Amino acid sequence: MIYERENETRSREDMEQLQIERLQTTMHRVYRNVAFYRHSFDSCGVNIERIKSINDLAFLPFTTREDLLKSYPYDMFAVPLRDIVRIHSTSGTTGKPIIVGYTRNDINIWTSLVTRVLAAAGITNHDFIQIAFKYNLFTGGFGFHYGAEKIGASVIPASTEDVEKQITIMKDYKTTVLVSTPGYALHIAVVLKELNIHPEELFLRTGLFGAEPWSENLRTQIEESLHIKAYDNYGLTEIIGPGVAFECEKQCGLHINEDHFIPEIIDPETLETLPEGERGELVFTTITKQGFPLIRYRTGDISSIVSEPCQCGRTLARMERVSGRTDDMIIVEGINVFPSQIEEVLLRIEGIEPHYQITLDRKEGVDTMEIMVEVEEEFFSDETKILENLRERIEREISSHLGIGAEITLVEPKKISRSTGGKLKHVIDRRDVLSK
Ligand code: DLL
């Protein structure tokens, strides 16, 4: 079903007209209210009155993750703090996170965008939706919750209940829709099998999965093991959270909510805008957000875009499923982490050499992370108890600073291969996240 037919099926001409009007308003708002944009437009000689077509976007400077980190906590907000009704933030940072704020209007828009995502997957007020995302600073739980209520479904905020409880709820409350990361859905499927519960004993028919990369292979595996149809959806905290792009029943790319976010694909090296269909870094400009508007935000996600209308009737441009990152960010169980953050935790611990290797794997549907760490020579000549204490300490520190569990393996100095001039590969990812 198309939730907002008028907005999801505009002609290209109409859409561009709407986008440029909204972009003008946004540019004025950020120029007036955000010192970062005033400086950045002034130093690039941008005259906002001259931005008259979508192609003129290319004259505007980019905004990066680093810019947002520097603006901690509220320097990027474009409204007085009394108008902010909600705050979320990016996850798992040892340093400072990126904090985003929403006005009441932003929340209303976000809600309707998530409603589009759900409606496109055929969800109605007859459904029972089990949301197995965290309800906290992460945008997944609250984002989906509001959208699901708006569609009139019965919302079950199962959040981080353990997997057996999730299954009991699913069975007893007659859940028809599961909302989670694809990795968690797989984990549920594995445990169902262990418990000897046949998927037909459940009422599940649809899954909406996102927040981390996944492959067509994984989709098939989840669909077959849970007897459901699985839909992909994409979003990021900085732009709004979930509700940026979603699959329809045709499942040929993710429709971007272009009446709220203007997408571009750029070459991450030259920063040139790339033509339709070419793969590069996804960049978004928000054009209706009041609290935390962003101009040409570099997401670091690799994708491509086509604007040809879809067979479903929507004219919203489509992005291909995210096929990687321009940086080394990894996502473990939906939590985003940079190897540099792990390094920061490790190097604060005495006795650790600055050499480590991270191996990601998936066992029985659960993401696992092993960190091999080199330890100073003298620790190896000491009692094993000291080594064991050190191992436990690293595990604790990683978990408390980054919110993820890791298995630590301590090794002797020079055990981990050194860079031979090329870029040292700190991460080995053995999960089937991106292969077709
Ligand atoms: O993951 C928002 C979200 C919540 C999206 C629930 C969908 C469902 P962040 O924690 O800020 O926000 O992480 C954003 O996750 O830049 C991508 O690298 C990755 N990502 C999100 N959705 C997908 C997806 C939420 N469907 C980062 N496929 C993004 C691949 C995804 N990667």
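Conventions and cut-offs
Residues numbered from 1 in each chain as written. Predicted model: local features only at pLDDT ≥ 70, side-chain atom pairs only at ≥ 80, totals over all residues. Heavy atoms only, no water. Helix = DSSP H or I, 4+ residues; strand = E, 2+ residues; numbered from the N terminus. Rg over C-alpha atoms; globule rule 2.2 N^0.38 Å. Contact = heavy atoms within 4.5 Å. Areas by Shrake-Rupley, 256 points an atom, 1.4 Å probe, with all protein chains shown as cover. Axes fitted to C-alpha atoms, helices over the stretch in contact; angles between N-to-C directions. Parallel < 35°, antiparallel > 145°, perpendicular 65-115°, else oblique. Nonpolar A, V, L, I, M, F, W, Y, C, P; charged D, E, K, R; others polar. Patch = residues over 30% accessible without salt bridge, like charges linked within 9 Å, V, L, I, M, F, W, Y side chains within 5 Å. Salt bridge = Lys/Arg side-chain N within 4 Å of Asp/Glu carboxyl O. Buried < 20%, exposed > 50% of the residue type's maximum accessible area, 1.4 Å probe, protein only. Pairing = 2+ DSSP bridges. Left-handed = near helix turned anticlockwise from the far one by under 90°. Domains from an automatic or database assignment. Buried area = accessible area lost by both parts, 1.4 Å probe. Phe/Tyr/Trp six-rings, centres within 6.5 Å; stacked < 30°, edge-to-face > 60°.

Chemist: Can you walk me through the overall build of the protein in this structure?
Modeler: Helices and strands together make up the secondary structure of the protein, namely twelve helices and 21 strands. Relative to the compact-globule value of 22 Å for 436 residues, the protein shows a C-alpha radius of gyration of 23 Å, a close match. Taking the principal axes of the C-alpha coordinates as reference, the protein spans close to 70 × 60 × 40 Å. If you take every contact in the protein between residues at least 6 apart in sequence, the share linking residues at least 24 apart comes to 66%. Carbon and sulfur atoms make up 48% of the accessible area of the protein, which amounts to about 19,400 Å² in all.

Chemist: I'm lost on the packing of helix H7 (residues 163–172) against helix H8 (residues 182–194) in this one. Help?
Modeler: The contact between H7 and H8 brings their axes to 10 Å, and the two run at 80 degrees. Viewed along their axes, H7 and H8 adopt a mutual orientation that is roughly perpendicular. On the side of H7, the interface is formed by Val163, Glu164, Gln166, Ile167 and Met170, while H8 contributes Tyr184, His187, Ile188, Val191 and Leu192. Here the residues of the contact of H7 with H8 are counted per class, giving seven nonpolar, two polar and one charged.

Chemist: Sorry, what's going on with the side chain of Asp56 here?
Modeler: Its place among the elements puts Asp56 in the loop between helix H3 (35–43) and helix H4 (65–70). Dropping the residues within four chain positions of it, Asp56 is found in contact with Arg50 and Ile51.

Chemist: I tried to follow a nonpolar patch on the surface on my own but got confused; where do I start?
Modeler: Nonpolar side chains collect at one region of the surface, where Tyr74, Leu81 and Ile87 lie side by side and expose about 250 Å² of accessible area between them. With respect to the secondary-structure elements, Leu81 resides in the loop between H4 and strand E1 (84–89). Judged by relative accessible area, Leu81 falls into the partly exposed class, the value being 46%.

Chemist: Teacher, can you tell me more about the pairing of strand E12 (residues 297–303) here?
Modeler: Taken residue by residue, a regular strand's side chains alternate between the two faces of the sheet. The buried count for E12 comes to five of seven residues, which makes it a mostly enclosed element. Where E12 meets strand E15 (residues 324–325), two bridges bridge the pair, whose relative direction is antiparallel. Following the sheet pairing, Ile302 is matched in E15 by Gly324.

Chemist: How should I be thinking about the sheet that holds E12 in this particular structure?
Modeler: By way of backbone hydrogen bonds, the strands of a sheet pair with one another, either parallel or antiparallel. The strand order across the open sheet formed by four strands is E10-E11-E12-E15, and the pairing between neighbours is antiparallel. Pairing within the sheet leaves two strands with one partner each, and these edge strands are strand E10 (261–266) and E15.

Chemist: Would you take a moment to explain the packing of H8 against helix H9 (residues 216–226) for this structure?
Modeler: Two quantities define a packed helix pair, namely the angle between the helix axes and the distance between the axes. Relative to each other, H8 and H9 sit at 35 degrees, their axes nearing to 10 Å. Between H8 and H9 lies a crossing whose hand is left-handed. Where H8 approaches H9, its residues Pro182, Ala185, Leu186, Ile188, Ala189 and Leu192 are matched on the opposing element by Leu218, Gln221, Ile222, Ser225 and Leu226. Residue composition of the contact of H8 with H9, by class: nine nonpolar, two polar and no charged.

Chemist: Which parts of the structure should I look at to understand the environment of Gly280?
Modeler: Mapped onto the secondary structure, Gly280 falls in strand E11 (residues 280–286). The exposure class of Gly280 is buried, given its relative accessible area of 5%. When the C-alpha atoms of Gly280 and Val155 are compared, they prove to be 37 Å apart, with 125 residues separating the residues in sequence. Residue contacts for Gly280: discarding those within four places in its chain leaves Ile265, Ile266, Leu274, Asp301, Ile302 and Ser303.

Chemist: I'm lost on the sheet that holds strand E18 (residues 352–363) in this one. Help?
Modeler: Reading across from one edge, E20-E19-E18-E21 is the order of the four strands in this open sheet, with mixed pairing throughout. Only two strands of the sheet have a single neighbouring strand rather than two, namely strand E20 (407–411) and strand E21 (427–429). Strand-to-strand twist of the sheet, defined as the mean angle between neighbouring strand axes without regard to direction, takes the value 15 degrees. With three bridges joining them, E18 and E21 adopt parallel strand pairing. Opposite Ile358, over in E21, you have Val427 as the bridge partner. Set on the sheet, helix H10 (residues 339–347) makes contact with E18, strand E19 (366–375) and E21; between it and E18 the angle comes to about 130 degrees.

Chemist: Help me understand the domain arrangement of the protein in this model?
Modeler: Interfaces are frequently sized by the accessible area removed from exposure as the parts join. As far as domains go, the protein holds domain 1 (1–327) and domain 2 (335–429). The distance between the C-alpha centroids of domain 1 and domain 2 comes to 32 Å. Taken together, the 16 residues of domain 1 in the interface contact 14 residues of domain 2. Across the interface of domain 1 and domain 2, roughly 1,100 Å² is buried in total on both sides, 48% from carbon and sulfur atoms. Joining domain 1 to domain 2, the criterion identifies one salt bridge. Residue Arg362 is joined to Glu212 by a salt bridge in which the shortest nitrogen-to-oxygen separation is 3.9 Å. No other element matches H8, which puts five residues into the side of domain 1 that touches domain 2.

Chemist: Would you take a moment to explain the packing of aromatic side chains for this structure?
Modeler: What characterises a pair of aromatic rings is the spacing of the ring centres plus the angle enclosed by the ring planes. Taken as a whole and judged by the stated rule, the model has eleven aromatic pairs. Ring geometry for Phe133 versus Phe138: centroids 5.6 Å apart, planes at 65 degrees, classification edge-to-face. An angle of 35 degrees between the planes, with centres 6.4 Å apart, marks the rings of Tyr234 and Phe284 as tilted. A residue pair is termed long-range when its members are at least 10 positions apart, and Tyr234 in strand E7 (residues 229–236) and Phe284 in strand E11 qualify at 50 residues.

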